[in-house]
Amino acid sequence: MKKYGYFLRLALALVVGGLSVLAFVSAFYPVRLLDVQFAALLQCCLVDFSVFAILLFIGLVLLTVLFGRIYCSTLCPLGIYQELLMLVFQRKNSLKKNRPYKYFLAAIVFGVMIGGTAFLVRFIDPYTLFGSAASGAVFGGVILALLAVLVWFKGRWFCSNICPVGAVLGLISKFSLNKIYMESDKCISCSKCASKCPTGSIDFKSKSVDNETCVKCLNCLVGCPKNAIHFGVKPRPCVAFSPMRRKLLVGGAVVAVFALAVKSGVSLGKAVAAKVKKVILPAGGESAEDFANRCLNCNLCVQNCPMKIIKKANADYPVVHLDYTDSFCDYNCHKCSEVCPSGGIKKISLAEKQKTQIGLAHIDEDYCVKCGLCVRKCPRQAITKEKGTFPIVHADSCIGCGACKVACPVEAIKIMAVKAQRVLK
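Please read all numbers here as calculations on a predicted model, not as lab measurements.

1. Quick look at the overall build of the chain
Then, number 1: In terms of helices and strands, the chain carries 19 helices and 10 strands.
Then, number 2: Across the 425 residues in the chain, those meeting the buried criterion constitute 50%.
Then, number 3: Of the roughly 20,200 Å² of accessible surface on the chain, 64% is carried by carbon and sulfur atoms.
Then, number 4: Placing the 53 positive and 24 negative side-chain charges of the chain at their respective mean positions leaves the two points 12 Å apart.

Printed below as a string of structure tokens:
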């Protein structure tokens, strides 16, 4: 029965991993799958305050309360990547100490996010790192290579001692209903379970399991020759919580760091906004300043844009943005709004997208040859022209989609960024 549970969990992880890859190669987007990534979901709650996002977040917390860190072994794409490496490397593991510095790191990262900017999250959140690598970004590729080296030497040490998402879920897992536990009278201290544990959470000598760092991969269950290790509700409490002085001091320090990080996040968010240059954003991005602090740079919108006009972050702008050099924004498409899991690009209907002004066309009469192609290509009839005159752009109708710019044979049209997006009447 335990083997069935292990293979079921492994199969589910492989399905999630496969669907995640398909989503980033724009072959198939599994609706809501990437919407349950912890940091993206938290950001969505902070940005949109949508009931659905809040319910999903509560559901994720409840999942952890019931089953521990099952998210880390089944729903996290970067965690699944590390598990595949563990299967390939076939390395034996040993007990690893649970380090407290991860709590401070999580307090800083999520404190700054709650304070107003996702700037720090982009460099350490597991989903964002996976997205960066899956979209071909150099930074993400380097991280995957470094993780492979770390997995070879330390197993899933990133998950147990670095990842801020893992730190938060780990704290919840300490009090989860279902835990990994060992029966002392059956255990023969053979260490097979410990050698299979990717996070080094099992101490076979003391016959104990650190359920805070355990990612519930269930490897240990199928490796025990005496059926002495289980996943479920232990007949008696695993370990009573002991408010030792050291734990209280660490907890107090983490809370203080979190409060300072929230305050720092407000200042950092303003600093990021102050340095942002005007760019054109996907409909639902609202303003360059806000978007620079909200977008996680997972690049899912970049990969799924059928017109390939959404570009990755560069030296001029720290997050994704539009570039009309080779194409334009399809009037009948709002794919970026559909796939964005973090609320950076708000989920809007196609009808609303078609009325959202993301830019404004400008015609340079010094270059215009009065051909009228722009008039025919505008999907909103926002450009008019009388015979023998220059075309006129009507600002109350133009949404800045760029169709006219691409159609112009003499490059006489530019799309100017707007200070803030607005829905036209």
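2. Examining the packing of aromatic side chains
Then, number 1: This model, assessed by the stated rule, comprises 8 aromatic pairs.
Then, number 2: Ring geometry for F24 versus F130: centroids 5.6 Å apart, planes at 80 degrees, classification edge-to-face. In this pair, F24 sits in helix 1 (residues 2-24) while F130 sits in helix 7 (residues 126-134), placing the two residues 106 residues apart along the sequence.
Then, number 3: F24 gets classed as buried once you look at its relative accessible area, which sits at 0%.
Then, number 4: According to the relative accessible area criterion, F130 is buried, its value standing at 10%.
Then, number 5: Their ring planes at 70 degrees and their centres at 5.5 Å tell us that F119 and F123 sit as a pair that is edge-to-face.
Then, number 6: Looking at F119, the relative accessible area reads 30%, which means it is partly exposed.
Then, number 7: Here F123 falls in the partly exposed class, since its relative accessible area comes to 45%.
Then, number 8: The ring of W152 carries R91 above its face, with NZ or CZ at 4.1 Å from the centroid.
Then, number 9: The cationic tip of K370 hangs over the ring face of F390; the distance from NZ or CZ to the ring centre is 4.5 Å.

3. A few points about helix 5 (residues 77-89)
Then, number 1: If you check helix 5, its first and last C-alpha atoms are 18 Å apart, about what 13 residues at 1.5 Å a residue would give, namely 18 Å.
Then, number 2: Every buried residue of helix 5 is listed here: P77, L78, G79, I80, Q82, E83, L85 and M86.
Then, number 3: The secondary structure elements touched by the buried residues of helix 5 are helix 1, helix 4 (70-74), helix 7, helix 8 (138-154) and helix 9 (157-161).

4. Focus on the pairing of strand 1 (residues 179-182)
Then, number 1: Side-chain alternation along strand 1 places K179 and Y181 on one buried face and I180 and M182 on a second face that is also buried.
Then, number 2: Pairing analysis gives 4 bridges linking strand 1 to strand 4 (residues 229-232), with the strands arranged antiparallel. Within strand 4, the position partnered with K179 by the bridge is G232.

5. Focus: helix 8
Then, number 1: The end-to-end C-alpha separation of helix 8 is 24 Å, in line with the 24 Å expected for 17 residues at 1.5 Å each.
Then, number 2: Every buried residue belonging to helix 8 is among G140, I143, L144, L147, A148 and V151, and all of these are buried. Seen along its axis, helix 8 keeps its buried residues to an arc of 145 degrees; they face one direction. The exposed set on the far side of helix 8, more than 90 degrees from its buried face, consists of V138, L146 and F153.
Then, number 3: Tucked inside the fold, the buried residues of helix 8 contact helix 5, helix 7 and helix 9.

6. Some words on the nonpolar core
Then, number 1: Residues Y71, I310 and Y317 are the most contacted members of the largest nonpolar core, which totals 95 residues.
Then, number 2: Take this core: its biggest share by element is 7 residues, from helix 2 (residues 38-48).
Then, number 3: Not counting the four nearest positions on each side in its chain, Y71 is found in contact with V36, Q37, F38, L60, C76, V165 and L169.

7. A closer look at the packing of helix 2 against helix 3 (residues 51-67)
Then, number 1: Between helix 2 and helix 3, the shortest axis-to-axis distance is 9 Å and the interhelical angle comes to 140 degrees. When the axes of helix 2 and helix 3 are compared, the pair comes out oblique. Both helix 2 and helix 3 take part in a crossing whose hand is left-handed. Judged by residue contacts, F38, L41, L42, C44 and C45 of helix 2 engage A53, I54, L56, F57 and L60 from helix 3.
Then, number 2: In the contact of helix 2 with helix 3, the residues fall into 10 nonpolar, no polar and no charged.

8. Some remarks on the environment of E365
Then, number 1: As for its position among the elements, E365 is in the loop between strand 7 (356-363) and helix 18 (373-377).
Then, number 2: Overall, E365 belongs to the partly exposed group, its relative accessible area being 46%.
Then, number 3: Separated by 47 residues in the primary sequence, E365 and A412 have C-alpha atoms spaced 7.3 Å apart.

9. Notes on a nonpolar patch on the surface
Then, number 1: Residues V51, I54, L55, I58, L62 and V65 make up a contiguous nonpolar surface patch of about 520 Å² in total accessible area.
Then, number 2: Positionally, L62 belongs in helix 3.
Then, number 3: Overall, L62 belongs to the partly exposed group, its relative accessible area being 48%.

10. A short note on the side chain of T64
Then, number 1: Positionally, T64 belongs in helix 3.
Then, number 2: Classification of T64 by relative accessible area gives buried; the value is 0%.
Then, number 3: In terms of polar contacts, T64 uses its side chain to reach the backbone carbonyl oxygen of L60, at 3.0 Å.
Then, number 4: Sequence-distant contacts of T64, that is, excluding residues within four places in its chain, are made with R69, L169, I172, S173 and S176.

11. Section: the environment of Y181
Then, number 1: Tracing the backbone shows Y181 in strand 1.
Then, number 2: Note on Y181: relative accessible area 14%, which makes it buried.
Then, number 3: For the pair Y181 and D210, spaced 29 residues apart in sequence, the C-alpha separation works out to 9.1 Å.

Basis of the calculations
Within any chain, residue numbers begin from 1 and follow the written order of that chain's sequence. In keeping with the predicted nature of the model, local features appear solely for residues at pLDDT of at least 70, side-chain atom pairs appear and are counted solely at 80 or more, and the whole-chain, interface and lining totals rest on all residues. Just so you know, side-chain values use all the structure's heavy atoms and leave hydrogens and water out. In this description a helix means any DSSP run of H or I spanning at least four residues, a strand means any run of E spanning at least two, and both kinds are numbered starting from the N terminus. Relative accessible area decides the class of each residue, using a 1.4 Å probe on protein chains only: under 20% of the type maximum gives buried, over 50% gives exposed, and in between gives partly exposed. For the accessible areas, the method is Shrake-Rupley and the probe is 1.4 Å, while residue cover comes only from the protein chains on display. When charges are counted, Lys and Arg are positive and Asp and Glu negative, with His and the chain ends excluded. The atoms used to mark charge sites are NZ of Lys, CZ of Arg, CG of Asp and CD of Glu. In summary, the pairing rule links any two rings of Phe, Tyr or Trp, Trp by its six-membered ring, whose centres are within 6.5 Å, and it sorts them by plane angle into stacked for under 30 degrees, edge-to-face for over 60 and tilted for everything else. Think of it as a cone above the ring: NZ of Lys or CZ of Arg counts as a charge over the ring if it is within 6 Å of the ring centre and within 35 degrees of the ring normal. By this rule, a helix spans an expected 1.5 Å times one less than how many residues it contains. Here a residue-residue contact requires only that any non-hydrogen atoms of the pair lie within 4.5 Å. One requirement defines pairing of two strands: DSSP has to find at least two bridges between them. Along the arc lie the directions from the helix axis toward the C-beta atoms. Grouping buried Ala, Val, Leu, Ile, Met, Phe, Trp, Tyr and Cys residues that are joined through side-chain atoms within 4.5 Å yields what is termed a nonpolar core. Each axis is a line fitted through C-alpha atoms, taken for helices only over the stretch in contact, and angles between the N-to-C directions span 0 to 180 degrees. Each angle receives one of four descriptions, namely roughly parallel if under 35 degrees, roughly antiparallel if over 145, roughly perpendicular if within 65 to 115, and oblique otherwise. Crossing handedness: left-handed means the near helix sits turned counterclockwise from the far one by under a right angle, and right-handed means the same turn made clockwise. Just so you know the grouping, Ala, Val, Leu, Ile, Met, Phe, Trp, Tyr, Cys and Pro go in nonpolar, Asp, Glu, Lys and Arg go in charged, and all remaining residues, Gly too, go in polar. Patch rule: a residue counts if its relative accessible area is over 30% and it has no salt bridge; like charges are joined within 9 Å, and nonpolar side chains (Val, Leu, Ile, Met, Phe, Trp, Tyr) within 5 Å. Here, a salt bridge means any Lys or Arg side-chain nitrogen found within 4 Å of an Asp or Glu carboxyl oxygen. Here a polar contact is taken to be a pair of N or O atoms separated by no more than 3.5 Å, where protein atoms must pair a possible hydrogen donor with a possible acceptor and residues adjacent in sequence count only if both atoms sit in side chains.

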